[in-house]
Amino acid sequence: MIASKDRPTQLRTPYPQQGGILPDFSHPSESPRPPLKVLLAAPRGFCAGVDRAIQIVEQALAKWGAPVFVRHEIVHNAHVVKRLEAMGAIFVEELTECPDDRPVVFSAHGVPKVVPAEAARRDMTFVDATCPLVSKVHAEAQRHERNGMHILLIGHEGHPEVVGTMGQIGAGAMTLIETVADAEAFVTNDPSTLAYVTQTTLSVDDTKDIVATLRRRFPQMAEPRKDDICYATTNRQEAVKAIAEHAELVLVIGAANSSNSVRLKEVAERSGANAAYLIASADNIDWKWFDGVKTLGLTAGASAPETLVQGVIAACRARFTVSVDEVVTAQEDVVFRIPRVLEGV
């Protein structure tokens, strides 16, 4: 059993070692193949918010037919986007690119409130696929603004979720804090009117350091009633910690613009792995990374489908004698309902 120091883990081997036809991932090694243990993180891959967002696009296509427009990538994964494009979804960056007479879906990351207001003004059919946990942060920010608070948003500048959250309240009522240095540098004339919220996909450890700095400087600061970093982000980071301390190499499957996937790579690097890489799929593996590697840690960001994980395992089996151990640090059973307008489609 693989066990981390502080977290109970459950170990299982869910994938057979024999049988089936493997895809040809170019040039397999000559037999006998060297052994490779794969520690497969669980939880990994799709979270409830991503599942819900993808279902919304699929069911919008089923209800209204193609094309259905989607403002921004529904989730940050090119494989998901391409599959939905093949079904008839058209992805755009701004509402101005959408015709008035076709439905539009807003991405899971959330949008500034002016976007649905403009869609309503144009009498468009629109569905909001914002993750409910992101909507929770929006509601917190709006409540703080109503109470006359100045809000500190811990997050990454330019990320769609941050843009959406900052767009929920009036100009000047929120300050973005990206680093501990930002937290140290922030000044206010009235510390009693401060509150903070966070982006949902941040590194748990990095955010703790920023929050600790703000608490030290502004002990009266209002805090979220419940941690804003979502359960899926936290769970996937804990699972990566559990495998990284036992693996020479960790591969994280996810997009370069996926915040939670980038954070997983950073967590792996800090948690004991000799090296960690973010890859979009098995096609992006540089097999030189495996020189001297006996144990591989493998996970996927919250917007990466399980088929990509299995593709990496298959590519490894074409070159190594692979054993797969799944390291389970949490069980997830969260399900988010889709909007009523699409129920029963």
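Anything mentioned here points back to the structure above.
Since this is a predicted model, take the numbers as computed values, not measurements.

(A) Geometry of the nonpolar core. With 26 residues, the main nonpolar core has V57, I74 and V105 as its most contacted residues. Those elements that provide at least two residues to this core are helix 1 (48-64), strand 3 (68-71), helix 2 (78-87) and strand 4 (89-92). No other element matches helix 1, which puts seven residues into this core. Sequence-distant contacts of V105, defined by excluding residues within four places in its chain, comprise I56, V57, A60, V68, F69, V70, R71, I74, V127 and A129. Counting 24 residues, the second-largest nonpolar core is a separate cluster that includes I285, F290, L308 and V322.

(B) Up close: the side chain of S271. Along the chain, S271 falls in the loop between helix 9 (259-270) and strand 11 (275-279). Overall, the relative accessible area of 19% leaves S271 in the buried class. Of note is the side chain of S271, whose polar atom sits 2.6 Å from the backbone oxygen of V267.

(C) Region of the structure containing empty space enclosed by the protein. The full count for this structure, using the stated rule, is one cavity of 30 Å³ or more. The space that makes up the largest cavity amounts to roughly 300 Å³. Around the largest cavity sit 25 residues that line it, and C47, V50, H109, T201 and N260 are the ones nearest its centre. Every element with two or more residues in the lining of the largest cavity is listed here: helix 1, helix 4 (132-146), helix 8 (231-244) and helix 9. When grouped by side-chain class, the residues that make up the lining of the largest cavity number 13 nonpolar, 11 polar and one charged.

(D) Region of interest: the layout of surface pockets. Looking at the largest pocket, its volume works out to about 330 Å³. Lining the largest pocket we find 21 residues, and of these P43, R44, F46, R236 and E332 sit closest to its centre. A total of four residues in the lining of the largest pocket trace back to one element, the largest contributor, which is helix 1.

About the criteria used
- Residues numbered from 1 in each chain as written.
- Predicted model: local features only at pLDDT ≥ 70, side-chain atom pairs only at ≥ 80, totals over all residues.
- Heavy atoms only, no water.
- Core = buried A, V, L, I, M, F, W, Y, C linked by side-chain atoms within 4.5 Å.
- Buried < 20%, exposed > 50% of the residue type's maximum accessible area, 1.4 Å probe, protein only.
- Helix = DSSP H or I, 4+ residues; strand = E, 2+ residues; numbered from the N terminus.
- Contact = heavy atoms within 4.5 Å.
- Polar contact = N/O pair within 3.5 Å; in protein donor to acceptor, adjacent residues only side chain to side chain.
- 1 Å grid on protein atoms, 1.4 Å probe; cavity = no way out; pocket = protein on both sides within 12 Å on 5 of 7 lines; lining within 4 Å.
- Points joined across faces, edges and corners; volume = space filled by probe spheres on them.
- Nonpolar A, V, L, I, M, F, W, Y, C, P; charged D, E, K, R; others polar.

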